[in-house]
Amino acid sequence: MVVRELADAEVDRIFQALADATRRDIVARSLSAEHSVSELAARYDMSFAAVQKHVAVLERAGLVTKTARGRERVVSGDPETIRRASRLLDGFEAIWRRRDLAIDGILAEDAGHTDERNGR
């Protein structure tokens, strides 16, 4: 069973935010160091307003925080939200691995029965 520490709406916001390559890059950059929105905007071939919108989507998803420092807005990644999403994915992987092991067991059992029928 997957431990549900995130509400469905939170999960939707996180993975919808991470569905975009630019937003994933912003998260990666903001997890490694703080960046002003201006610094981030200079890295992409899009308008400042478009980068602001990407940051707003990430902020709503809880993946980054934006704080005022004088006239600038500084973006920082939120590693705890990433950890929570990772734990959710780990739970799904555990389900998949249990099913995979169960299938392996069934195949091994079936192979054993086939060997018995063939006198091996």
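In case you missed it, the structure is sitting above this.
(A) Summary view of the nonpolar core. By size, the foremost hydrophobic cluster in this structure holds 19 residues, and its most contacted members are Ile26, Leu40, Val51, Val55, Leu58 and Leu63. Breaking this core down by element, the ones donating at least two residues are helix 1 (8-17), helix 2 (21-32), helix 3 (37-42), helix 4 (48-60) and helix 5 (79-117). Sequence-distant contacts of Leu63, that is, excluding residues within four places in its chain, are made with Ile14, Ala17, Leu18, Val27, Leu58, Ser76, Gly77, Asp78, Thr81 and Ile82.

(B) Representation of helix 1 in the model. Within the sequence span of helix 1, burial applies to Val11, Ile14 and Ala17. Each buried residue of helix 1 sits inside an arc of 140° when the element is viewed along its axis, so together they form one side. Away from its buried face by more than 90 degrees, helix 1 exposes Asp8 and Gln16.

(C) How the structure looks around the side chain of Thr81. Structurally, Thr81 is set in helix 5. Here the side chain of Thr81 touches Gly62 through a polar contact of 2.7 Å, landing on its backbone oxygen. The contacts of Thr81, once residues within four sequence positions are left out, are Ile14, Ala61, Gly62 and Leu63.

(D) Up close: the sheet that holds strand 2 (residues 64-69). Spatial ordering of the open sheet is given by 1-3-2, a layout of 3 strands whose pairing is antiparallel. At either end of the open sheet lies a strand with only one pairing partner, and these are strand 1 (35-36) and strand 2. By the bridge criterion, 6 bridges tie strand 2 to strand 3 (residues 72-77) in an arrangement that is antiparallel. Its bridge partner lying in strand 3, Thr67 is registered against Val74. Contacting strand 1, strand 2 and strand 3, helix 2 crosses the sheet at an angle of about 90° to strand 3. Contacts from helix 4 reach strand 2 and strand 3 within the one sheet, and its direction differs from that of strand 2 by about 120°.

(E) Focus on the pattern of salt bridges. For the coordinates displayed, the defined rule picks out 6 salt bridges. In this structure, Glu80 engages Arg83 in a salt bridge whose closest nitrogen and oxygen atoms are separated by 3.0 Å. Here Arg83 and Glu80 lie together in helix 5, a separation of 3 residues that amounts to about one turn. On the accessibility criterion, Arg83 (43% relative accessible area) is partly exposed. Between Glu80 and Arg87 there is a salt bridge; the shortest N-O distance is 3.1 Å. Judged by its relative accessible area of 33%, Glu80 falls in the partly exposed class.

Thresholds applied
- Sequence order as written defines residue numbering, which begins from 1 separately in each chain.
- A pLDDT threshold of at least 70 governs which residues receive local features in this predicted model, and a stricter bar of 80 or more applies before side-chain atom pairs are shown or counted, although totals over entire chains, interfaces and linings include all residues.
- Each side-chain value is worked out from all heavy atoms of the structure, with water and hydrogens disregarded.
- Buried residues of nine kinds, namely Ala, Val, Leu, Ile, Met, Phe, Trp, Tyr and Cys, make up a nonpolar core once their side-chain atoms join them within 4.5 Å.
- Note on exposure labels: buried denotes an accessible area under 20% of the residue type's maximum, exposed denotes more than 50%, and partly exposed covers the range between, all computed with a 1.4 Å probe on protein chains only.
- Note on conventions: DSSP H or I runs of at least 4 residues are helices, E runs of at least 2 residues are strands, and numbering of each starts at the N terminus.
- What makes two residues a contact is simply this: any of their non-hydrogen atoms within 4.5 Å.
- What the arc describes is the spread of directions from the helix axis to the C-beta atoms.
- Whenever a nitrogen or oxygen atom comes within 3.5 Å of another N or O atom, the pair is scored as a polar contact, on the condition that within protein one atom can donate a hydrogen and the other can accept it, and that pairs from neighbouring residues in sequence are kept only if both atoms are in side chains.
- At least two bridges found by DSSP between two strands is the condition for calling them paired.
- Helix axes are fitted to C-alpha atoms over the stretch in contact, other axes to C-alpha atoms as well, and angles between N-to-C directions run from 0 to 180 degrees.
- Throughout this description, the term salt bridge denotes a Lys or Arg side-chain nitrogen within 4 Å of a carboxyl oxygen of Asp or Glu.

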